[in-house]
Amino acid sequence: GAVVSQHPSRVICKSGTSVKIECRSLDFQATTMFWYRQFPKKSLMLMATSNEGSKATYEQGVEKDKFLINHASLTLSTLTVTSAHPEDSSFYICSAGTRSDTQYFGPGTRLTVL
Amino acid sequence: GEDVEQSLFLSVREGDSSVINCTYTDSSSTYLYWYKQEPGAGLQLLTYIFSNMDMKQDQRLTVLLNKKDKHLSLRIADTQTGDSAIYFCAEIRGSTLGRLYFGRGTQLTVWP
């Protein structure tokens, strides 16, 4: 149980385009989903916390207009990287949880912006 | 400092024990976690410990927590080549539930 999926697993796009990444909890309802970004050889950086039906809470330094998060249902959250640039290339990982003590992570999405 | 600190690399021989250390920042952290990441993959929760515990054992994994020093360790007994991965410690900070802050990860390499 407690499986989280992400789609797509890899995406390559041209600079200036927007990319949407989906995060789904497959066998449980997630009241809260989290989006992280991981740079090579670096830690995961929490970008934002989203609760179903409400606006996401962004961490300091994360541009909310650049990284649009929608949490429309208890099983789906989406991250849209708008007007992507090469510096947005990264590994994006979502997690989902129902309690404060446990989060389940998705397999990640590798974004490459040319 | 503000960062969760981990040593970056650890190499052990198959069958030996591995000990991965972590220093966290928030003395009021309620939960501390160990995650495993294999190449190109997401994170797998290995274990977690509640802040009122000193030790937690789960099969080959032993977690030790020293709250006074804000030090967390993960011991893997009888390390196998399949244990080769990056191991992250993480803490929950702040009043918003579930906000995890990670260390940079320790690359564990197990030699046959």
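What counts, and at which threshold
- Residues numbered from 1 in each chain as written.
- Chains lettered and ligands numbered in written order.
- Predicted model: local features only at pLDDT ≥ 70, side-chain atom pairs only at ≥ 80, totals over all residues.
- Heavy atoms only, no water.
- Helix = DSSP H or I, 4+ residues; strand = E, 2+ residues; numbered from the N terminus.
- Contact = heavy atoms within 4.5 Å.
- Polar contact = N/O pair within 3.5 Å; in protein donor to acceptor, adjacent residues only side chain to side chain.
- Buried area = accessible area lost by both parts, 1.4 Å probe.
- Salt bridge = Lys/Arg side-chain N within 4 Å of Asp/Glu carboxyl O.
- Nonpolar A, V, L, I, M, F, W, Y, C, P; charged D, E, K, R; others polar.
- Pairing = 2+ DSSP bridges.
- Axes fitted to C-alpha atoms, helices over the stretch in contact; angles between N-to-C directions.
- Buried < 20%, exposed > 50% of the residue type's maximum accessible area, 1.4 Å probe, protein only.
- 1 Å grid on protein atoms, 1.4 Å probe; cavity = no way out; pocket = protein on both sides within 12 Å on 5 of 7 lines; lining within 4 Å.
- Points joined across faces, edges and corners; volume = space filled by probe spheres on them.

(A) How the structure looks around the environment of A:Ser89. All names here are of chain A. If you trace the backbone, serine 89 turns up in the loop between strand 8 (76-81) and strand 9 (90-99). In this structure serine 89 touches Arg37, Leu111, Thr112 and Val113, once residues within four positions along its chain are discounted. Engagement of the side chain of serine 89 in a polar contact is seen with the backbone oxygen of proline 86, the distance being 2.9 Å. Within the structure, serine 89 has its side chain in polar contact with the backbone nitrogen of valine 113 (distance 2.8 Å).

(B) Just the interface of chain B and chain A, in detail. Residue-level contacts link 20 residues of chain B with 20 residues of chain A. In total, about 1,600 Å² of surface goes out of reach between chain B and chain A, with carbon and sulfur atoms giving 53% of it. Three residues, B:Leu43, B:Phe102 and B:Arg104, lead the burial of chain B against chain A; their summed loss comes to 27% of the area buried on that side. For the interface between chain B and chain A, the tally reads zero salt bridges. The tally of links from chain B across to chain A stands at five residue pairs in polar contact (both at pLDDT 80 or more). Split into classes, the residues belonging to the side of chain B that touches chain A amount to 13 nonpolar, five polar and two charged.

(C) Molecular detail of the sheet that holds strand 8 of chain A. All names here are of chain A. Across the sheet, four strands lie side by side as 1-3-8-7; this open sheet has antiparallel pairing. Single-partner strands in this sheet number two, and they are strand 1 (4-7) and strand 7 (67-73). Pairs of neighbouring strands in the sheet enclose a mean axial angle of 15°, with direction left out of account. Inspection of the sheet shows strand 1 paired to strand 3 (residues 19-25) by four bridges, in the antiparallel sense. If you follow serine 5 over to strand 3, its bridge partner there is arginine 24.

(D) A look at the sheet that holds strand 1 (residues 5-6) of chain B. All names here are of chain B. One open sheet accounts for five strands, arranged 1-3-8-7-6; its pairing is antiparallel. In the strand order of this sheet, the two ends are held by strand 1 and strand 6 (55-58), each with one partner. Bridge count between strand 6 and strand 7 (residues 61-66): four bridges; the pairing is antiparallel. The residue bridging aspartate 58 from the neighbouring strand is leucine 61, located in strand 7.

(E) Fine view of the pairing of strand 4 (residues 32-38) of chain A. Residues and elements named next belong to chain A. The element strand 4 is largely enclosed, with a buried count of seven among its seven residues. Both faces of strand 4 are covered, namely the face carrying Thr32, Phe34, Tyr36 and Gln38 and the face carrying Met33, Trp35 and Arg37. Here strand 4 pairs with strand 5 (residues 44-51) via seven bridges, running antiparallel. Along strand 5, the bridge assignment pairs tyrosine 36 with leucine 46. The antiparallel pairing of strand 4 with strand 5 creates a hairpin that spans five residues between the two strands, and lysine 41 there sits at a positive phi of about 60°.

(F) Quick look at the layout of surface pockets. Estimates place the volume of the largest pocket at around 500 Å³. Taken together, 21 residues line the largest pocket, and the ones lying closest to its centre are A:Gln38, A:Pro40, A:Lys41, B:Gln37 and B:Ile86. Sorting elements by how many residues they give to the lining of the largest pocket places strand 9 (residues 85-92) of chain B first, with three residues. For the lining of the largest pocket, the per-class residue count stands at 10 nonpolar, six polar and five charged. Secondary-structure elements contributing two or more residues to the lining of the second largest pocket are strand 5 of chain A together with strand 10 (100-102) of chain B. Per-element tally for the lining of the second largest pocket: the top contributor is strand 5 of chain A, with three residues. Considered class by class, the residues forming the lining of the second largest pocket number six nonpolar, two polar and six charged.

The analysis is restricted to geometry; functional conclusions fall outside its scope.
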